[in-house]
Amino acid sequence: MQRDLPMADATTATAARVLTVRTVSEAALGVKTFELADSEGKPLAAFEAGAHVEVTLPNGLARAYSLLNPPAENDRYVIGVHRSPDSAGGSVCMHEDIKAGDAIMVTPPRNNFKLVEDAAHTFLIAGGIGITPILSMIHRLNQIGRPWTLHYCARTRAHAAFLAQLAALAEASGNRAHFHFDQEPGGARRDMAAATGKGGPDTGTHFYCCGPQPMLKAFEEATQALRERAHVEYFEAKEAAALDGGFVVVLQKSGMTLPVFPGTSILDTLSDAGVEVAFSCREGICGACETRVLEGTPDHRDALLSDAEKQEGRTMMICCSGAKSERLVLDL
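Cut-off values and rules
- Residues numbered from 1 in each chain as written.
- Predicted model: local features only at pLDDT ≥ 70, side-chain atom pairs only at ≥ 80, totals over all residues.
- Heavy atoms only, no water.
- Pairing = 2+ DSSP bridges.
- Helix = DSSP H or I, 4+ residues; strand = E, 2+ residues; numbered from the N terminus.
- Axes fitted to C-alpha atoms, helices over the stretch in contact; angles between N-to-C directions.
- Contact = heavy atoms within 4.5 Å.
- Buried < 20%, exposed > 50% of the residue type's maximum accessible area, 1.4 Å probe, protein only.
- Polar contact = N/O pair within 3.5 Å; in protein donor to acceptor, adjacent residues only side chain to side chain.
- Phe/Tyr/Trp six-rings, centres within 6.5 Å; stacked < 30°, edge-to-face > 60°.
- Arc of directions from axis to C-beta.

J.: Talk me through the sheet that holds strand β10 (residues 205-210); I want residue IDs and the actual numbers.
T.: Spatially, the five strands line up as an open sheet ordered β9-β8-β7-β10-β11, and their pairing is parallel. This sheet does not close on itself; its edge strands, each paired only once, are β9 (176-181) and β11 (230-233). Taking the axes of each pair of neighbouring strands and ignoring which way they run, one obtains an average angle of 15° across the sheet. Where strand β7 (residues 121-127) and strand β8 (residues 148-154) come together, six bridges link them in parallel fashion. Looking at the pairing, T122 lines up with W148 of β8. Helix α2 (residues 131-144) rests against β7, β8, β10 and β11 of the sheet, and its axis sits at about 155° to β7. In the packing of helix α5 (residues 213-222) onto the sheet, contacts are made with β7, β8, β10 and β11, and the angle to β10 comes to roughly 155°.

J.: Describe the pairing of strand β18 (residues 327-330), and please don't skip the residues or the numbers.
T.: Across four bridges, the pairing between strand β12 (residues 247-251) and β18 is parallel. Paired with V248 across the two strands is R327, which belongs to β18.

J.: If you had to explain the environment of R327 to someone new, which residues and values would you point to?
T.: Mapped onto the secondary structure, R327 falls in strand β18. What makes R327 partly exposed here is its relative accessible area of 39%. Linking R327 and V260, residues 67 residues apart in sequence, is a C-alpha distance of 10 Å. For R327, the side chain forms a polar contact with the side chain of E295, separated by 2.7 Å.

J.: Tell me about the environment of I131, and name the residues and values.
T.: Among the secondary structure elements, I131 is positioned in helix α2. Residue classification places I131 among the buried residues on the basis of a relative accessible area of 0%. Between the C-alpha atoms of I131 and L166, which are 35 residues apart in sequence, the distance is 9.9 Å. Setting aside residues up to four positions removed in sequence, I131 forms contacts with A126, L150, Y152, F162 and L166.

J.: Before we move on, can you summarise the packing of aromatic side chains with the specific residues and values?
T.: One pass over the structure, following the stated rule, counts four aromatic pairs. Ring geometry for F113 against Y208: centres 5.8 Å apart, planes inclined by 75°, an arrangement best described as edge-to-face. Taken together, the residues span a long stretch of sequence, with F113 in the loop between β6 (103-106) and β7 and Y208 in strand β10 at a distance of 95 residues.

J.: Provide a residue-level description of the sheet that holds β18, including the pertinent values.
T.: Taken in spatial order, the five strands make up an open sheet running β13-β12-β18-β14-β16, and their pairing is mixed. Every interior strand has two partners, whereas the edge strands, β13 (256-260) and β16 (315-317), have only one. Strand-to-strand twist of the sheet, defined as the mean angle between neighbouring strand axes without regard to direction, takes the value 40°. Both strand β14 (residues 290-295) and β18 contribute to a ladder of two bridges, which runs antiparallel. Each bridged residue has a counterpart across the sheet, and for E295 the counterpart in β18 is V329.

J.: Explain helix α3 (residues 163-173) to me, and be specific about the residues and the numbers.
T.: Along α3, the positions that sit buried rather than exposed are L163, L166, L169 and A170. Summarising the axial view, the buried residues of α3 lie within an arc of 130°, below the 170-degree limit, and thus occupy one face. When the buried face of α3 is taken as reference, the exposed residues oriented beyond 90 degrees from it are A164, E171 and A172. Where α3 is buried, its residues touch α2, β8 and β9. Directly beyond the C-terminal end of α3, a positive phi value near 75° is found at G174.

Structure (structure tokens):
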């Protein structure tokens, strides 16, 4: 899918606003939901199904979380956070330090996982906390009366959030929701090729997948023949960042030329030089640092750009991508 290229000086950070944590709830084993709203009841920026917001935590970390509530709502954002055993401080902080009544800085919604609303059918696959953007999509599909099928995978029923809500949404709309628990008796991992029909004919069905890395890799392999109709969202880096260095970055607008040394990212190089750019995840999954490329060949390492967009080389995520050319000119 073609996406709009970012404005060179665009930043969501400057548009962030302080929201109040209205409620904190237990959604499943290791999963909490956080309802965020304006303390004075003012409307929030509109969002589309599949969108996320970036939250600045008390420990200084910034983390992106998908919105799971209906896009028609403008009085609140609801996010779900899984407490990761490998947390670098983000999910632990959310679970242990954030309480109802707290004030927290939140950016306007950004969407890298857009729903094609006029698809003949929408096939949704979620694993664990990957259900959050999928749930918002289901709300939207029900609102506009479009057909969908869901396959939701979790270790056990206790680990699966929003089961009753998902079942009710399916029943109310006449659609189908299938639940798979691979660590329960008789459970097994979902066969991704079988689930997606091994590519199948061009029936107009669009496929969406959000979940852990092995699921996403299996999904991408199973849908190679229908890439324009297959959509994924990563919660962590897809591959290692490009840190080989050995090239220079030219900033067209500021007139600066900066060497990028081995072991350093473009983003770190710019930050060390006092150049302010928008960023959040540092893993190429949120899109905050997407930057126009005016000259040179990027070494793409993000999980957002399509193969066609990477081939064109008109834009890149400077937090994780490097350069295959000796010189890279950016619209900064």
